Amino acid sequence: MHNEHRLELDDDTMRRVLSEAGVDPVTATGWVELTEGTYNTAYRIRRAGGPGLVLKVAPHPDAPGLTHERDLMRTETAFYRAAGGHAPVPEVVHADFSRTTVPADLLLMTEIQGDTLAARGATTTPEEAAALRTGLGRVVAGLHEVTGTGYGYPQLGLARTWREAFLSMVDGVLADAARFAVALPVDDVAGRMRSHAALLDEVSRPVLVHFDLWDGNVLVHDGRVTGLIDGERAFWGDPLTEFVSLALFGDIERDRAFLSGYGAGPFTRSARLRLAMYRSYLYLVMLVEGTPRGYSGPGHQQQAELVREHLCAELAAL
């Protein structure tokens, strides 16, 4: 599934982008589009005598999107700069938000060595997988050492409390569902979230959350985690929200290797209820985002049905 509003660069435009970023196009031995992503367009750039680079191009700014999908490339740039030194992330080489050379935001960064966990999954032994999950737990714990001054998506403005920020995030995606005519149990979701809103007041420290750490966004090499990529969904919030994508459609409490590396102990009833709220939010986003992106076909329908099943289960838990 790919965003039908993605922009692609021809060779001449690529050379202009590299020049403006301070990279001599002559040193680039070639580039190829990376097809794993579903939102931006990304290119791997090879260079003679230098490390590889990755260029990401945002969709056209006029493309339809969810409320929080505003200036996401700027959020990703800020995420890498904030996380640097705390977690393995790409180094920002150049960011261009002028939308002149290309009518969209651009981010040029260093390439991190490794394959994604998703690509390596079939060839990894259980022992290797456990070691990688433990290492990933340590990496995420390091990421969560980074704290901010408020809560929520930085591109939308920060709130003073996590309750205010999270309920606003939920309201935003429910409004998006109405805007794009996606059938959802809006009143049920809103009611259940607000009935547990007091639990959100237990969060007193806004940590940097990636919020999209499924296996396709974790790089590994030589038995260790080498990078966290695609940080455009980042926000400041409850560290528990990170565990949702780390165990997509699953239960993070069963991932003992990860929790050991992270240093998380047994979850309280409050933590489990908050996780149900956060899973519900992610499932709502997954159900709504497909319409503005133009997802279609049997594969999309099957995933949507799976997400709806899990959303219903989480709402029942609430």
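Scroll up a little and you will see the structure.
Residues numbered from 1 in each chain as written. Predicted model: local features only at pLDDT ≥ 70, side-chain atom pairs only at ≥ 80, totals over all residues. Heavy atoms only, no water.

Undergrad: Could you give me a rundown of the sheet that holds strand 9 (residues 224–228), with the residues and numbers involved?
TA: Think of a sheet as strands paired side by side through backbone hydrogen bonds, with each pair either parallel or antiparallel. If you walk across this open sheet you meet the three strands as 6-8-9, and the pairing is antiparallel. This sheet does not close on itself; its edge strands, each paired only once, are strand 6 (115–116) and strand 9. As paired strands, strand 8 (residues 218–221) and strand 9 are joined by four bridges and run antiparallel to one another. By the bridge assignment for strand 9, L219 is matched with G227. Across the sheet, helix 4 (residues 126–143) lies against strand 8 and strand 9, angled at about 40 degrees from strand 9, the strand it touches most. (Pairing = 2+ DSSP bridges. Helix = DSSP H or I, 4+ residues; strand = E, 2+ residues; numbered from the N terminus. Contact = heavy atoms within 4.5 Å. Axes fitted to C-alpha atoms, helices over the stretch in contact; angles between N-to-C directions.)

Undergrad: Just give me the short version of helix 1 (residues 11–20), but keep the residues and values in it.
TA: By the burial criterion, the buried members of helix 1 are T13, M14, V17 and L18. Down the axis of helix 1, the sector holding all buried residues measures 135 degrees, keeping them to one side. Turning to helix 1, the residues buried within the fold contact strand 1 (28–34), strand 2 (41–47), strand 3 (53–57) and strand 5 (106–110). The opening residue of helix 1, the one whose side-chain oxygen lies 3.3 Å from the backbone nitrogen of D12, is D10. (Buried < 20%, exposed > 50% of the residue type's maximum accessible area, 1.4 Å probe, protein only. Arc of directions from axis to C-beta. Polar contact = N/O pair within 3.5 Å; in protein donor to acceptor, adjacent residues only side chain to side chain.)

Undergrad: Hey, could you go over the packing of aromatic side chains for me, with residue numbers and the actual values?
TA: Any two aromatic rings considered together are summarised by their centre-to-centre distance and by the angle between their planes. Counted according to the given criterion, the structure contains 15 aromatic pairs. With a centroid separation of 6.0 Å and an interplanar angle of 20 degrees, the aromatic rings of W162 and F235 are classed as stacked. Placement of the pair is W162 in helix 5 (residues 162–179) and F235 in strand 10 (residues 235–237), with a sequence separation of 73 residues. With a centroid separation of 5.2 Å and an interplanar angle of 85 degrees, the aromatic rings of F243 and Y262 are classed as edge-to-face. Residue F243 is located in helix 7 (residues 242–246), and its partner Y262 is located in helix 8 (residues 256–262); the two are separated by 19 residues in the primary sequence. Note on accessibility: F243 and Y262 belong to one class, buried. Each residue in the set Y151, Y153, W162, F166, F211, F235, Y278 and Y281 is aromatic and connected to the rest through ring pairs, giving one cluster. R233 extends its terminal NZ or CZ atom over the ring of Y39, reaching a point 4.9 Å from the ring centre. (Phe/Tyr/Trp six-rings, centres within 6.5 Å; stacked < 30°, edge-to-face > 60°. Lys NZ or Arg CZ within 6 Å of the ring centre and 35° of its normal.)

Undergrad: Describe the packing of helix 5 against helix 6 (residues 186–195), and please don't skip the residues or the numbers.
TA: Two elements in contact, helix 5 and helix 6, have axes whose closest approach is 11 Å; the angle formed by their N-to-C orientations is 180 degrees. Overall, the two elements helix 5 and helix 6 adopt an arrangement that is roughly antiparallel. Only V186, V189, A190, M193 and R194 of helix 6 make contact with helix 5, whose side of the interface consists of F166, L167, V170, D171 and L174. (Parallel < 35°, antiparallel > 145°, perpendicular 65-115°, else oblique.)

Undergrad: Explain the packing of helix 5 against helix 9 (residues 269–293) to me, using residue names and the numbers behind them.
TA: Close contact between helix 5 and helix 9 brings their axes to 9 Å; oriented N to C, the two are set at 30 degrees. Regarding the angle of helix 5 to helix 9, the classification is roughly parallel. The element helix 5 and its partner helix 9 pack so that their crossing is left-handed. Counted together, W162, F166, M169, V170, V173, L174, D176 and A177 of helix 5 and M277, Y278, Y281, L284, V285 and V288 of helix 9 form the full contact between these two elements. Looking at side-chain class alone, the contact of helix 5 with helix 9 contains 13 nonpolar, no polar and one charged residues. (Left-handed = near helix turned anticlockwise from the far one by under 90°. Nonpolar A, V, L, I, M, F, W, Y, C, P; charged D, E, K, R; others polar.)

Undergrad: Before we move on, can you summarise the pairing of strand 1 with the specific residues and values?
TA: Successive side chains on a regular strand alternate, one facing one side of the sheet and the next facing the other. Note: strand 1 against strand 2, six bridges, orientation antiparallel. Across the sheet, residue V32 finds its bridge partner in strand 2, namely R44. Here strand 1 hands over to strand 2 after six residues, the two strands then running antiparallel side by side.

Undergrad: If you had to explain unusual backbone geometry to someone new, which residues and values would you point to?
TA: One non-glycine residue with positive phi stands out, namely F211, at about 70 degrees. For F249, which is not glycine, the phi torsion reads 65 degrees and is therefore positive. By the secondary structure assignment, F249 is in the loop between helix 7 and helix 8.

Undergrad: Report on the environment of D171, specifying residues and quantitative values.
TA: Inspection of the secondary structure assignment puts D171 in helix 5. On the accessibility criterion, D171 (34% relative accessible area) is partly exposed. Between the C-alpha atom of D171 and that of A190, which follows or precedes it by 19 residues, the distance is 7.5 Å. In this structure the side chain of D171 is engaged in a polar contact, spanning 2.8 Å, whose partner is the side chain of R194.

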